[in-house]
Amino acid sequence: VQLQASGGGLVQAGGSLRLSCAASRGTLSNFALGWFRQAPGKEREFVAASRWIGGGTRYGDSVKGRFTISRDTAKNTVYLQMNSLKPEDTAVYYCAATMGPFSTWASPTQYRYWGQGTQVTVSS
């Protein structure tokens, strides 16, 4: 499975962005797709994840109520809609795929495939 993230950019605080992660070279039916982010000098942080088939979503505490993960199975793409952005959301955002159970989705070590990052910068 190959993952390609896109959609990052510069936005003012309070604004919105939508990230996309397109998957290729494999089937996602046994996977959950997740988003992580990493700011300079900080550890990689779980943002959101969703099972590809059958639903089930999970969010990091810092983004609950502001970010929404969704997927388009026809396009083999998962999205991260980010609203009410804050300067502390500034980071490189990564998409990743895991076959692990729901309880492990927040752990980056459980993800087998990673896309390249896309930079999100939120100005104050």
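It should be noted that the structure appears before, not after, this text.
Residues numbered from 1 in each chain as written. Predicted model: local features only at pLDDT ≥ 70, side-chain atom pairs only at ≥ 80, totals over all residues. Heavy atoms only, no water.

### Description of the pairing of strand 7 (residues 67-72)
Reasoning step 1: Sheet topology note: the strand 7/strand 8 (residues 77-82) ladder contains 6 bridges and is antiparallel. In the sheet register, Arg-71 faces strand 8, and the bridge partner there is Val-78.
Reasoning step 2: In this antiparallel pair of consecutive strands, strand 7 and strand 8, the connection spans 4 residues, and Asn-76 shows a positive phi of 55°. (Pairing = 2+ DSSP bridges. Helix = DSSP H or I, 4+ residues; strand = E, 2+ residues; numbered from the N terminus.)

### Section: the pattern of salt bridges
Reasoning step 1: Across all of its chains, the model carries 4 salt bridges by this definition.
Reasoning step 2: Asp-61 serves as the salt-bridge partner of Lys-64, at 3.2 Å between the closest nitrogen and oxygen.
Reasoning step 3: When the shortest N-O distance is used, the salt bridge between Asp-89 and Arg-66 registers 2.8 Å. Here Arg-66 lies in the loop between strand 6 (57-59) and strand 7 and Asp-89 lies in the loop between strand 8 and strand 9 (91-98), a separation of 23 residues in the sequence.
Reasoning step 4: A relative accessible area of 0% means that Asp-89 is categorised as buried.
Reasoning step 5: Overall, the relative accessible area of 10% leaves Arg-66 in the buried class.
Reasoning step 6: Look at the salt bridges and you will find they share partners, linking Arg-37, Glu-45, Arg-66 and Asp-89 into a network. (Salt bridge = Lys/Arg side-chain N within 4 Å of Asp/Glu carboxyl O. Buried < 20%, exposed > 50% of the residue type's maximum accessible area, 1.4 Å probe, protein only.)

### Considering the environment of Trp-105
Reasoning step 1: Looking at where Trp-105 falls in the secondary structure, it is placed in the loop between strand 9 and strand 10 (113-114).
Reasoning step 2: Sequence separation between Trp-105 and Ser-70 is 35 residues, and the spatial gap between their C-alpha atoms is 16 Å.
Reasoning step 3: For Trp-105, the residues in contact, after removing those within four places along its chain, are Ala-32, Phe-36, Phe-46, Ala-49, Ser-50, Arg-51, Gly-56, Thr-57, Arg-58, Thr-98, Gly-100 and Tyr-111.
Reasoning step 4: Polar contacts involving the side chain of Trp-105 include one to the main-chain carbonyl oxygen of Gly-100, which spans 3.1 Å. (Contact = heavy atoms within 4.5 Å. Polar contact = N/O pair within 3.5 Å; in protein donor to acceptor, adjacent residues only side chain to side chain.)

### Details of the side chain of Thr-118
Reasoning step 1: Its place among the elements puts Thr-118 in strand 11 (residues 118-123).
Reasoning step 2: For Thr-118, a relative accessible area of 9% puts it in the buried group.
Reasoning step 3: A distance of 3.1 Å separates a polar side-chain atom of Thr-118 from the backbone nitrogen of Gly-8.
Reasoning step 4: Among all residues touching Thr-118, those that are not within four sequence positions of it are Ala-5, Ser-6, Gly-7, Gly-8, Leu-19, Ala-91, Val-92 and Tyr-93.

### Considerations on the sheet that holds strand 7
Reasoning step 1: One open sheet accounts for 4 strands, arranged 1-3-8-7; its pairing is antiparallel. Looking at strand neighbours, the two that pair on one side only are strand 1 (2-6) and strand 7, the edges of this open sheet. Across this sheet, the average inter-strand angle for adjacent strands is 20°, counted without regard to direction.
Reasoning step 2: Two strands pair when backbone bridges link them, and strand 3 (residues 17-24) and strand 8 are joined in this way by 6 bridges, in the antiparallel orientation. Bridge pairing links Ser-20 to Tyr-79 in strand 8. (Axes fitted to C-alpha atoms, helices over the stretch in contact; angles between N-to-C directions.)

### Concerning the state of the cysteines
Reasoning step 1: Throughout the structure, instances matching the rule amount to 1 disulfide.
Reasoning step 2: Between Cys-21 and Cys-95 runs a disulfide, and the two sulfur atoms are separated by 2.2 Å. Between Cys-21 and Cys-95, the S-S dihedral sits near 65°, and the bridge is therefore right-handed. Within this pair, whereas Cys-21 is found in strand 3, its partner Cys-95 is found in strand 9, the two being separated by 74 residues in sequence.
Reasoning step 3: You can call Cys-21 buried: its relative accessible area is 1%.
Reasoning step 4: Accessibility expressed as a relative area gives 0% for Cys-95, which makes it buried. (Disulfide = S-S within 2.5 Å.)

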